[in-house]
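Structural overview for review
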Amino acid sequence: MLSLPNILTLSRIFAVPILVFLLWPGTKPQSVQPLPIDYWFAFALYCLMGITDYFDGYLARAQGTVSKLGVFLDPIADKIMVGAVILLLVFTRDVDGWHVIAALVILLREITVSGLREFLAGLQVSVPVSQLAKWKTTAQLVAFGGLILAGALPDWALLKTAALSLLWVAAVLTIITGWDYLRVGIKHMD
């Protein structure tokens, strides 16, 4: 139960409150935005969380230690991390204006697909992750990382622009892959 892959997954869940603390502007006196140093620490932690996301699954498969706990916790850890980052980036106005729509699309898709997977699991229907969904995940994780890094490097306006552009790419891929999952799910609904 406490194999290395499961410990990595749990560490990702336990790291979320630290990430929230680092990006929460209310923890600094008279501050509306986190300080650049806070963004640096948040970026380092976010990258570490992303690395553990890759290695927990890789190690579980390579070591033959895929567990029910890991299968259960991994997507939850992903959703908690993505949800927390989206909410904080909107709260700190690192994602603002029309860009909030892209973030909202991603958040709503995460919730919808989780519910759909749970529904289909009750019917013993498995929906494998498509290659496009993997690209979507990569785009959104890089976009969020870029937005956190842009907070650490406020003079690099191009970085924030690139990260926001990638957020829109992720949102479009989110709609496409979400529709793919929904089409499968609709076939199994009465």
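The name that an unreviewed UniProt entry assigns to the protein is CDP-diacylglycerol--glycerol-3-phosphate 3-phosphatidyltransferase, with the source organism given as Sphingorhabdus buctiana. Recorded in UniProt under Sequence similarities (unreviewed entry), the annotation for the protein is "Belongs to the CDP-alcohol phosphatidyltransferase class-I family." Under the heading Catalytic activity (unreviewed entry), UniProt records this for the protein: "a CDP-1,2-diacyl-sn-glycerol + sn-glycerol 3-phosphate = a 1,2-diacyl-sn-glycero-3-phospho-(1'-sn-glycero-3'-phosphate) + CMP + H(+)".

This part takes up the UniProt feature "transmembrane region" (unreviewed entry) in the protein. Mapped onto this structure's residue numbering, the UniProt feature "transmembrane region" (unreviewed entry) falls at residues 7–27, 39–59, 71–91, 141–159 and 165–182. Its end C-alpha atoms 31 Å apart, residues 71–91 is made of 100% helix and 0% strand. Taken end to end, residues 165–182 is 100% helix and 0% strand, and its two terminal C-alpha atoms sit 26 Å from one another.

Another aspect to go through is helix 2 (residues 36–63). For helix 2, built from 28 residues, the straight-helix expectation of 40 Å at 1.5 Å per residue is met to within 8% by its first-to-last C-alpha distance of 40 Å. Along helix 2, the positions that sit buried rather than exposed are Asp-38, Tyr-39, Ala-42, Leu-45, Tyr-46, Met-49, Thr-52, Asp-53, Asp-56, Gly-57, Leu-59 and Ala-60. Looking at the buried residues of helix 2, the elements they touch are helix 1 (4–23), helix 3 (68–91) and helix 5 (131–152). Once helix 2 ends, the next one or two residues include Gly-64, with phi positive near 65 degrees.

Quick look at the environment of Arg-61 now. As for its placement among the helices and strands, Arg-61 is situated in helix 2. Taking the C-alpha atoms as reference points, Arg-61 and Gly-185, separated by 124 residues in sequence, lie 27 Å from one another.

What counts and how
Residues numbered from 1 in each chain as written. Predicted model: local features only at pLDDT ≥ 70, side-chain atom pairs only at ≥ 80, totals over all residues. Heavy atoms only, no water. UniProt positions renumbered as here; feature names shortened; annotations may be inferred. Helix = DSSP H or I, 4+ residues; strand = E, 2+ residues; numbered from the N terminus. Expected span 1.5 Å × (residues − 1). Buried < 20%, exposed > 50% of the residue type's maximum accessible area, 1.4 Å probe, protein only. Contact = heavy atoms within 4.5 Å.

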